[in-house]
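The primary structure of each chain is shown beneath.
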Amino acid sequence: MLTAALIFPRPFGPLSNRFAFNESITLLLRWLRTTLICDTQPWKDLKAHVEDIKKTHLRDLMNDKERCESMMVEFDGMFLDYSRQCATLDTMAKLYKLAEAASLKQQINRMYSGEHINSTENRSVLHVALRAPRDAVINSDGKNVVPDVWKVLDKIRDFSEKVRSGSWVGATGKPLKDVIAIGIGGSFLGPLFVHTALQTDPEAVEFAKGRQLRFLANVDPIDVARSIAGLNPETTLVVVVSKTFTTAETMLNARTIREWISSALGPSAVAKHMVAVSTNLTLVEKFGIDPNNAFAFWDWVGGRYSVCSAVGVLPLSLQYGFSIVEKFLKGASSIDDHFRSAPFEKNIPVLLGLLSVWNVSFLGYPARAILPYSQALEKFAPHIQQVSMESNGKGVSIDGVPLPYEAGEIDFGEPGTNGQHSFYQLIHQGRVIPCDFIGIVKSQQPVYLKGEVVSNHDELMSNFFAQPDALAYGKTAEQLLKENVSQHLIPHKTFSGNRPSLSLLLPSLGAYNIGQLLASYEHRVAVEGFVWGINSFDQWGVELGKSLATQVRKQLNASRTKSEPVEGFNFSTSKLLTRYLQASSDIPADPPTLLPRI
Ligand SMILES: O=P(O)(O)OC[C@H]1O[C@](O)(CO)[C@@H](O)[C@@H]1O
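What you are looking at is a predicted structure, and each value in this text was computed from that prediction instead of being measured.

Structural notes on the overall build of the chain
A count of helices and strands for the chain gives 25 helices and 13 strands. The C-alpha atoms of the chain give 27 Å as radius of gyration, which agrees with the globular expectation for 598 residues (25 Å, within 12%). Counting only C-alpha atoms, the chain reaches 90 × 70 × 60 Å along its principal axes. Taking all 598 residues of the chain together, 51% fall into the buried category.

Considerations on the site of the ligand
Residues in contact with the ligand amount to 13 residues; listed here are only the nearest, S187, S242, T244, T247 and E390. Separating an oxygen atom of the ligand from a side-chain N or O atom of S187 is a distance of 2.7 Å. Here an oxygen atom of the ligand sits 2.6 Å away from a polar atom, N or O, in the side chain of E390. Relative to its unbound accessible surface of 390 Å², the ligand loses 86% to contact with the protein.

Quick notes on the packing of helix α7 (residues 104–112) against helix α16 (residues 322–341)
It is at 9 Å that the axes of α7 and α16 come closest, and there the two elements cross at 140°. Viewed along their axes, α7 and α16 adopt a mutual orientation that is oblique. Note on element contacts: α16 touches α7 through D336, F339 and R340, opposite K105, I108, N109, M111 and Y112. Partitioning the contact of α7 with α16 into residue classes produces four nonpolar, one polar and three charged.

Considerations on the pattern of salt bridges
For the coordinates displayed, the defined rule picks out 25 salt bridges. As a salt-bridge pair, D336 and R131 come within 2.7 Å of each other at their nearest N and O atoms. Placement of D336 in helix α16 and of R131 in the loop between α7 and β3 (139–140) is noted, with a sequence separation of 205 residues between them. R131 carries the same exposure label as D336, and that label is buried. Among the ionic contacts, a cluster of salt bridges with common partners joins R368, E409, D411, D436, R524 and E528.

A look at unusual backbone geometry
Cis geometry is found at the peptide bond from G416 to T417, where omega equals 10°. Within the element layout of this structure, T417 appears in the loop between β11 (410–412) and α19 (424–429). A positive phi angle is found at N498, which is not glycine, with a value near 60°. By the secondary structure assignment, N498 is in the loop between α22 (490–493) and β13 (501–506). The backbone of S563 sits at a positive phi, close to 50°, despite the residue not being glycine. Of note, S563 is situated in the loop between α24 (543–562) and α25 (571–583). Look at S563 and you get exposed, because its relative accessible area is 63%.

What to know about the environment of Y580
Within the element layout of this structure, Y580 appears in helix α25. In this structure, the C-alpha to C-alpha distance between Y580 and E522, residues 58 residues apart in sequence, is 41 Å.

So, helix α11 (residues 221–228)
Inspection of α11 places D223, V224, A225, S227 and I228 among the buried residues, and these make up the whole buried set. Buried residues along α11 sit in contact with β5 (178–182), β6 (212–216) and α12 (248–265). Two or three places before I222, at the start of α11, stands the capping residue D220, its side-chain oxygen 2.8 Å from that residue's backbone nitrogen. Directly after α11, the chain includes G230, whose backbone phi takes a positive value near 80°.

A closer look at the environment of S333
Note on placement: S333 falls in helix α16. Note on S333: relative accessible area 10%, which makes it buried. The spacing of S333 and Y512 is 179 residues in sequence and 9.6 Å in space, taken between C-alpha atoms. Setting aside its immediate chain neighbours within four residues, S333 contacts R131, A132 and P133.

Considerations on the confidence of the model for the chain
Residues at a pLDDT of 70 or more form 94% of the chain, whose mean pLDDT is 94. When the criterion is pLDDT under 50, residues 1–15 qualifies, and its contacts beyond four places in sequence or with other chains add up to 15 contacts. The complex prediction reports pTM at 0.94, with the ipTM value standing at 0.98.

Some thoughts on the sheet that holds β6
One open sheet holds the five strands; their spatial order is β6-β5-β7-β8-β9, and the pairing between them is parallel. Only two strands of the sheet have a single partner each, and these edge strands are β6 and β9 (294–296). Neighbour to neighbour, the strand axes of the sheet diverge by 20° on average, direction disregarded. Inspection of the sheet shows β5 paired to β6 by five bridges, in the parallel sense. Among the inter-strand pairings, D178 is bridged to a residue of β6, identified as Q212. Contacting β5 and β6, α11 runs over the sheet at an angle of about 175° to β6. Set on the sheet, α12 makes contact with β5, β6, β7 (236–241) and β8 (274–278); between it and β7 the angle comes to about 160°.

What about the environment of I184?
With respect to the helices, strands and loops of the structure, I184 is situated in the loop between β5 and α9 (189–198). Residues I184 and N218 lie 34 residues apart in sequence; the distance between their C-alpha atoms is 7.0 Å. The contact partners of I184, leaving out residues within four places of it in the chain, are A217, N218, T247, E249 and T250.

Focus on the pairing of β5
For β5, the tally of buried residues reaches five of five residues, placing the bulk of the element in the interior. What you see with β5 is no split at all: D178, I180 and I182 on one side and V179 and A181 on the other are buried throughout. As judged from the five bridges shared by β5 and β7, these two strands associate in the parallel manner. When the bridges of β7 are listed, A181 appears paired with V239.

Conventions adopted
Residues numbered from 1 in each chain as written. Predicted model: local features only at pLDDT ≥ 70, side-chain atom pairs only at ≥ 80, totals over all residues. Heavy atoms only, no water. Helix = DSSP H or I, 4+ residues; strand = E, 2+ residues; numbered from the N terminus. Rg over C-alpha atoms; globule rule 2.2 N^0.38 Å. Buried < 20%, exposed > 50% of the residue type's maximum accessible area, 1.4 Å probe, protein only. Near = heavy atom within 4 Å. Polar contact = N/O pair within 3.5 Å; in protein donor to acceptor, adjacent residues only side chain to side chain. Areas by Shrake-Rupley, 256 points an atom, 1.4 Å probe, with all protein chains shown as cover. Axes fitted to C-alpha atoms, helices over the stretch in contact; angles between N-to-C directions. Parallel < 35°, antiparallel > 145°, perpendicular 65-115°, else oblique. Contact = heavy atoms within 4.5 Å. Nonpolar A, V, L, I, M, F, W, Y, C, P; charged D, E, K, R; others polar. Salt bridge = Lys/Arg side-chain N within 4 Å of Asp/Glu carboxyl O. pLDDT = per-residue confidence, 0-100. Pairing = 2+ DSSP bridges.

Next up, the structure:
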C-alpha cells in the first residue's frame, strides 16, 4: 500500500500531472479492490507456519504452562481459555499481523462510526447502537441514532407494562396473558434463543408467572397448529415481526393468525390483539395493524443482528418485563465496549474470530461445534448458525472478486451432555471439528441429592472439563497396551487427540450474561468477515430460492384452479410437481377457510 502510494504523483501541478493523478487513483483503487487478504505477507507467513504446527501435538503444547497461561483471557466475568487450540504464541503473533493487514481495527471503527460498510445494500451496520446507553452518541448518516433507539425502548416499556398489568385488554375485556411472536430467520432465532435461556432463570421466571410466549416461524401449517394449540384468542396478543414486512412465510402466518382472531372475536378485534415490529411501517398499516401499535427499527439493523431491537425486546418484555430485558441489553453493551477498545491480545471477540480464521483458512477445518453445557442454551447454536452462516457464507470479496479461499464455516451444536451421546463419536475419532465448550459456574437451577458424589450441576460440568482434554490428548496405543486391551481392539480404541477446542466459562446465566454471550459471538463473526474481506452484512444467497418458489407457487395455483399442466420446469421438478398435484387432487380448487383443529 505504502509502495503503491509512493509511485503515484501528487494532485497538484500542470493539467497533465493532474490527469495522471486521477489515472493513478483509479489504478490504486482497482489494485486495492483486487488485493485479497491471501495476497498479503502475513497470510503467506501463516500458510507457511501450518507446517510448523503440523509438527506439534496438543499433548506437548499443553505442557507449556507459560503458553497456556497467556492463552487465557478474562473480561467482565467471562473467562476464555484457548490453550487447546492448535496454535503457539508465534501463531498468535502471526494472526495479529494478519489482523493488521486486514485493517481490522479500522474496520471495527468504521462499523461503530456508522459508515456504510454493508456496501451492497448501502447501509450502516449499527446493532451496537441498539444496546448503547441513553447518553451515547452513535451516528448514521450524520444523525445520532441513540435517541430514536430509546424512544422505541421507552414505548416498549410502556406498552409491555400496560399489557402485563392488565390495563391493556383484549376485545372481550380480558387481560392478554399469552403472546405469539410471528417471524422467521433473524426475526425469530435470536428472540427464541434468549427466551429459551431466560425460561429457567429464577429472576426471569418470577416475572413470567402466568404468562406464555410462543413463536410461529415455519410456514408449515403444523407450526401454526402448534403455536395456537390450547390458546384462547381472547387472551392472546400477536406480535408480527418482520423487518421488511414482505417475507412470504411470515405474512401468510400473520394472515392465518389474523383469521384465527377475527373468526373468533370479529375483525375489529385485530386492533387490540395484533401489534407489529418492522422497519416498514407503511406495510404494517396496510396489513391492518394500527400504526400506534407498531414498533420501529431501522435499515442499519441486519435481520440476524436484530434481537436487541424491538424484534427481541418487545416479545421478551411482554414475557419477562422490560427490566429483565434491559439487563440483557447491558450485558451486550459491555461486550460492545470491550470489542471496540480492548487490545487484540485481550479482546474476546477478536481472539474468537482470529482463531476461527486460523482453523478454517489455514488448518482446513471447515466446521465448528458450539457445545453449551447448559440446557438453557439449547437454542444458542441454531441462532449462531444464522448469525455466522448467513453472514460469512460468501464466495466473493466485498468488492465482488471471487475468493480463492473458503470463507465462512459450518456451525452446528447441541447442549452437552446430549451431544456426547449423539455426534461426539465423530469429533473424537472421525473428522476434526474445532469445538466451543461453553460452561456456566452457577446453574440456574441447582439440584443436590443427599448421598450423591456430586451435585447435578457438578456432574454436568465434569463433562465440560473432561471433553476438551479427551479431544486434545487422545489416547495412544501404548496406553491401551498398558491397560491390557486386546490387540485387535487397539486401533478402534485409539484416540489420535490433537483436536482443537476452546472453553468459555460464564459466572452464571442471567439476562446480563446472555447478552454478553450474544454480543461476543456477533462480533466474532464480524471479525472473521473483516479478515476474509467479505461483506458479512448482506445475504443475497437467500434470494434465488425465494424467486423460484414464486414460480412454483404460481404453478400450483394455476394447476389447482385452472387444471393447467405443469410447465417451464426441468424434468425432475416437473415430475415431482405432477406427482404432488395428482396425489392431492382431492383438494378443492377454491376451498373454504380451514384452520388447525388441535
Ligand atoms: O424480518 P424479515 O424481513 O421478515 O426477514 C426474515 C429473514 O429473512 C432473511 O432475509 C433471509 O433468511 C433473513 O436475513 C431475515 O432475518
